[in-house]
Amino acid sequence: MKHFGLWLDESGDFDKDDKNKKKNPSLVGGVLFEKGNIKDSVINEIIPEKAFHANEIKNKYAENVLPRINLLTEKKGVPVIFENKERMMIVDSTITYLNVLSEGIIHLIQLLAVEYQHFSLEVLIATRKDMENKKNDSLIDQQEYKQRLQERVFLGLAKRTITNFEMNDLNLKFADARKDKRLMIADLICNCWLTRTSKKFDDSQQQLLEKKYPEEFRF
């Protein structure tokens, strides 16, 4: 039985996706890996800083991030992207984000299920502020989010008649991307893809970056 890990963060503005058509769509993304491949020593080599946020890099962005992604892929980490390409707004930004997240996980499980008879997936997700609660800076309730995610994922899998993945095979966890280096890596993957067509990368750097993101893991 294979055991996989998946670290996820988000980039972009789900609230304004339908208004900013010239910008790349908002996304959820991160890294998929087989358990045991990305050890703590590798994490600290990719993110030696105590705190890292890709969007805060002011100078030589490409030169800063590309070696980190190279190291990640050398250790068999696979960049994964869930994009809201249709720029659909479903009720509000929070529900839209939840749908992009759950649909992405469903498609990833579906892809893995073709190759593996039985596998487990542990997903670490960056906590997110409730952007619809303008009066409160609180985070979305983790237990409620976990329940809603599980419901959407397993309903989606049932519709696709995927039978070699069960509820006990999915483990959802949450952490703070400002404190957890695993999620700083997910932030790196997200921000690089979101900004790949910007002035942060020249044409050759953009091509190098896109080769590191396998097309079959872009959903």
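Below or above, wherever it landed, is the structure these notes cover.

1. A look at the packing of helix α3 (residues 93-115) against helix α4 (residues 142-159)
So, step 1. Running from N to C, α3 and α4 point in directions that differ by 45°, and their axes come no closer than 9 Å. As the angle between them shows, α3 and α4 are arranged oblique. Viewed along their axes, α3 and α4 form a crossing whose handedness is right-handed. Along its contact with α3, which presents T94, I95, Y97, L98, N99, L101, S102, I105, I106 and I109, the element α4 presents Y145, R148, L149, R152, V153, G156 and L157.
So, step 2. The class makeup of the residues in the contact of α3 with α4 is eleven nonpolar, four polar and two charged.

2. Structural notes on the environment of D15
So, step 1. Relative to the elements of secondary structure, D15 occurs in the loop between β1 (2-11) and β2 (27-34).
So, step 2. Of the residues examined, D15 reaches a relative accessible area of 31% and is grouped as partly exposed.
So, step 3. D15 sits 79 residues away from T94 along the chain, and the two C-alpha atoms are 8.3 Å apart.

3. Some words on the pattern of salt bridges
So, step 1. Applying the stated criterion across every chain yields a total of nine salt bridges.
So, step 2. Where K35 meets E122, a salt bridge forms, and the shortest distance between an N and an O atom there is 3.7 Å. Of this pair, K35 sits in the loop between β2 and α1 (40-46) while E122 sits in strand β4 (residues 119-126); the two residues are 87 residues apart in sequence, bridging distant segments of the chain.
So, step 3. A residue is classified by how much of its surface remains accessible, and E122, at 24% relative accessible area, is partly exposed.
So, step 4. Here R196 makes a salt bridge to E210, at a shortest N to O gap of 3.5 Å. You can see R196 sitting in the loop between α5 (181-194) and α6 (203-211) and its partner E210 sitting in helix α6, a full 14 residues away along the chain.
So, step 5. For E210, a relative accessible area of 28% puts it in the partly exposed group.
So, step 6. Salt bridges sharing partners connect three or more residues here, namely K35, E122 and K173.

Scoring rules and cut-offs
Residues numbered from 1 in each chain as written. Predicted model: local features only at pLDDT ≥ 70, side-chain atom pairs only at ≥ 80, totals over all residues. Heavy atoms only, no water. Axes fitted to C-alpha atoms, helices over the stretch in contact; angles between N-to-C directions. Helix = DSSP H or I, 4+ residues; strand = E, 2+ residues; numbered from the N terminus. Parallel < 35°, antiparallel > 145°, perpendicular 65-115°, else oblique. Left-handed = near helix turned anticlockwise from the far one by under 90°. Contact = heavy atoms within 4.5 Å. Nonpolar A, V, L, I, M, F, W, Y, C, P; charged D, E, K, R; others polar. Buried < 20%, exposed > 50% of the residue type's maximum accessible area, 1.4 Å probe, protein only. Salt bridge = Lys/Arg side-chain N within 4 Å of Asp/Glu carboxyl O.

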